[in-house]
Every structure is written in C-alpha cells, then in structure tokens.
2 protein chains.
Amino acid sequence: MTSTDRPVTARTTRQRRAVSAALVDITGFCSAQEIHGIVKGRGDAVGLSTVYRTLQAMADSDEVDVLRTDEGEALYRRCSSGHHHHLVCRDCGRTVEVEGPTVERWADRIAADHGFADVSHTLEIFGRCETCG
Amino acid sequence: MTSTDRPVTARTTRQRRAVSAALVDITGFCSAQEIHGIVKGRGDAVGLSTVYRTLQAMADSDEVDVLRTDEGEALYRRCSSGHHHHLVCRDCGRTVEVEGPTVERWADRIAADHGFADVSHTLEIFGRCETCG
DNA sequence: AACTTCATGGGAACGATTTTCATTCCCACA
DNA sequence: TGTGGGAATGAAAATCGTTCCCATGAAGTT
C-alpha cells in the first residue's frame, strides 16, 4: 500500500538520457523549460511533460537538487549526494555546493530549544561571484 | 527615475484595513487565498486581486514575511521588523521567529571564502511542535 | 517474436498570481 | 464643505509554470 505507486522497474529511454546529458553541461540552476529548450536545441526531441516527469523523478531519487525562484519557479541542477546547501551567483547562476556542520547544528539546536522535533531546513545563499563582480 | 513607480501616497482603505486585521489573528503562515477567505468570512468583502496587491505591498515594505511552499505557493504572515528566520510547525503552521548571528556570520563567511559579494540568504526551519508531537 | 508494463507527448486542464480597465474612493487643497 | 485627479478596487481575462489524460510507442522479459 504505497502512497504513490511508482513503476516497479525504471526504464532507460532516449529521452531520459537526453535530459541527463543536458544536466551534465549545466553549471548553474535551470528551469524545466530551459532544460527542455537545451535538449531540443541539440536536436533531441523530447516532450515538455517528459522533461518535467524526468526531472521530478530525478529529484525524488536525489539525483538533482531543486530550489525555488522568488517567483516560485522550480530550478534544477545535478548534484552530489548527501545533505548540502548552495551558494548561487545572482547574475550568472554559477553554483557552489557548500556543507555546514555549523548551521546544521545551529538549526537543530534552535528547533530543540523550542520543542520542535523531526527537524529539517532549507538554506540558500545568494551573491555575486568574482567573475560577475 | 525609479524602476517601479509606486504611488506617491499610500491610502488607508477599508480593504487594506481588513487584510491587516486578518493578519493580526493569524498565528502561522497563510496563503493569499486563505487570507481572502478569512476576510470574506468576516463579512468584509474584498476582491482577491486586492488581497494579492495589498499583501505584495506589505511584503515590499517589510510589514509581512513571505515564504514559499514546496509547491511554490506563497505564504504570508505579519512579522517583526529586522532580519530574522522562521521555525515553522509542519502540522499546525505555528511559527517562531528566530535570530541567528551564528548563521548570518557563517553564510557571509562561506560566501566570502568563495569570492562572492553582495550576499543574502534564505533560511527556514521546519519541524513538529510540542502540541502536535 | 509475442507480450506485458512502462514511458512518451501533445494538448487540455489546473491553479496561483497578475493584468486590464472601467468604476469608485481618498484626500489635499481651494 | 466641494471638488479634481491620482490611487485603489474588483470582476473577468490573461499569464505561465506545471500536471493530467490517454492513445500510441518503446523496453525489457519469456
């Protein structure tokens, strides 16, 4: 009785390969539509719905990171596994993955102090990188 | 030559008062539509567009905090001024404003280490509060 | 090759938010 | 107290990212 019954087996299709390939060449975060554009620009024809589905699946299995624009748009980027945060350039989108035992501890502590359990958090840092200085 | 030319004078209207009043009674974060519902439920008729506009204006002048659902929906809540973050209960929406010199410094430092300037960040902590335990 | 199940894609559907624009309302000033 | 005009309102239409539907095509299995 799984909540969302996803397929038993995951298949390797041309479309999924195309999306993965596009993600490799991306340095910063991209929206689903941008990724769709990149894939299409390469001559690989992939439906927009498929791009969304694939990206979502990859997010579920932690193959990509997702973050949200101020306007609520979802941005994707392939990532290393494990818990980490991002330092994103406001101008060029360049992204650096950062880890922070300090913040993790801080967040957990604050939450505990207030009697909150089962804690998680979101944290993104924005700025302008050297190149865009 | 201001980028977005907003009105010279801000007027006090019945609608804005209604939205402000609704915000006072809210403990956690609410969506614009929920706030619209609350206002309407009280008998004050206010257009949805107006609620959106008012909330946005209040956000611009830091009278309310805005955060985004995982699904990208905007949630509003009145707040104290100054830079702070939130500890939000996943179940009941109860919110605690928290300050964290530690994180602020950490974020600035990380950014500086990577050559990023003009730094800002977003941080929200989620958990389950005692009452919902 | 036959078959079963999953995946695809194009367009319709959705839902939150924004815009449009004709109408109504504040409010500074006469 | 009256009034002019910019500001605010709201109903409906427009946006726009994202998801759903479902007939058709492809993967992997036997």
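Note that the coordinates shown come from a computational prediction; the quantities given were computed from them, not determined experimentally.

Draft legend 1. Representation of the protein's contact with DNA strand D in the model. Residues in close proximity to DNA strand D total 25 residues, the closest being Tyr52 of chain A together with Arg11, Thr13, Thr50 and Arg53 of chain B. Close to the protein, within 4 Å, the atoms of DNA strand D are drawn from sugar and phosphate at a rate of 64%. With respect to DNA strand D, the side chain of threonine 50 of chain B contributes an N or O atom lying 2.7 Å from a phosphate oxygen. Arginine 53 of chain B is positioned such that a nitrogen or oxygen atom in its side chain is 2.5 Å from a base nitrogen of DNA strand D. When contributions to the surface near DNA strand D are tallied by element, the ones reaching two or more residues are α3 (48–60) of chain A together with α1 (14–24) and α3 (48–60) of chain B. Sort the elements by how many residues they give to the surface near DNA strand D and α3 of chain A lands first, with 5 residues. Taken together, the residues that form the surface near DNA strand D break down as 8 nonpolar, 10 polar and 7 charged.

Draft legend 2. Summary view of the relation of the copies chain A and chain B. Each copy superposes on the other: chain A lies on chain B with an RMSD of 0.1 Å after a rotation of 180° and an axial shift of 0.0 Å. The relationship between the two copies is best expressed as a two-fold rotation axis. Looking at the interface residues of chain A, 100% of them are also at the interface in chain B, so both copies use one shared face.

Draft legend 3. Summary view of unusual backbone geometry. Residue and element names in this part refer to chain A. Positive phi is not limited to glycine here, since aspartate 62 has a value of about 60°. With respect to the element layout, aspartate 62 can be found in the loop between α3 and β2 (64–68). A relative accessible area of 55% places aspartate 62 in the exposed class.

Draft legend 4. Expanded view of the protein's contact with DNA strand C. Taken together, 24 residues sit near DNA strand C, with Arg11, Thr13, Thr50 and Arg53 of chain A together with Tyr52 of chain B positioned nearest. When atoms of DNA strand C within 4 Å of the protein are split into backbone and base, the sugar-phosphate part holds 65%. Here threonine 50 of chain A contributes a side-chain N or O atom positioned 2.7 Å from a phosphate oxygen of DNA strand C. Of all the elements in the fold, those that place two or more residues in the surface near DNA strand C are α1 (14–24) and α3 of chain A together with α3 of chain B. Of the residues contributing to the surface near DNA strand C, the split by class is 7 nonpolar, 10 polar and 7 charged.

Draft legend 5. Spatial organisation of the pairing of strand β2 (residues 64–68) of chain B. All names here are of chain B. Where β2 and strand β3 (residues 74–78) come together, 5 bridges link them in antiparallel fashion. Looking at the pairing, leucine 67 lines up with leucine 75 of β3. The turn linking β2 back onto β3 is made up of 5 residues, and glycine 72 within it adopts a positive phi angle of 90°.

Draft legend 6. Just the packing of α1 of chain A against α3 of chain A, in detail. Residues and elements named next belong to chain A. Relative orientation of the contacting elements α1 and α3 amounts to 70°, with a least axis distance of 10 Å. When the axes of α1 and α3 are compared, the pair comes out roughly perpendicular. Helix-helix and strand crossings are classified by hand; for α1 and α3 the assignment is right-handed. Along the contact surface, α1 presents Gln15, Arg16, Val19, Ser20 and Leu23, while α3 presents Thr50, Val51, Thr54, Leu55 and Met58. Within the contact of α1 with α3, the residues separate by chemical class into 5 nonpolar, 4 polar and 1 charged.

Criteria and cut-off values
Residues numbered from 1 in each chain as written. Chains lettered and ligands numbered in written order. Predicted model: local features only at pLDDT ≥ 70, side-chain atom pairs only at ≥ 80, totals over all residues. Heavy atoms only, no water. Near = heavy atom within 4 Å. Polar contact = N/O pair within 3.5 Å; in protein donor to acceptor, adjacent residues only side chain to side chain. Helix = DSSP H or I, 4+ residues; strand = E, 2+ residues; numbered from the N terminus. Nonpolar A, V, L, I, M, F, W, Y, C, P; charged D, E, K, R; others polar. Least-squares fit on C-alpha atoms with pLDDT ≥ 70 in both. Contact = heavy atoms within 4.5 Å. Buried < 20%, exposed > 50% of the residue type's maximum accessible area, 1.4 Å probe, protein only. Pairing = 2+ DSSP bridges. Axes fitted to C-alpha atoms, helices over the stretch in contact; angles between N-to-C directions. Parallel < 35°, antiparallel > 145°, perpendicular 65-115°, else oblique. Left-handed = near helix turned anticlockwise from the far one by under 90°.

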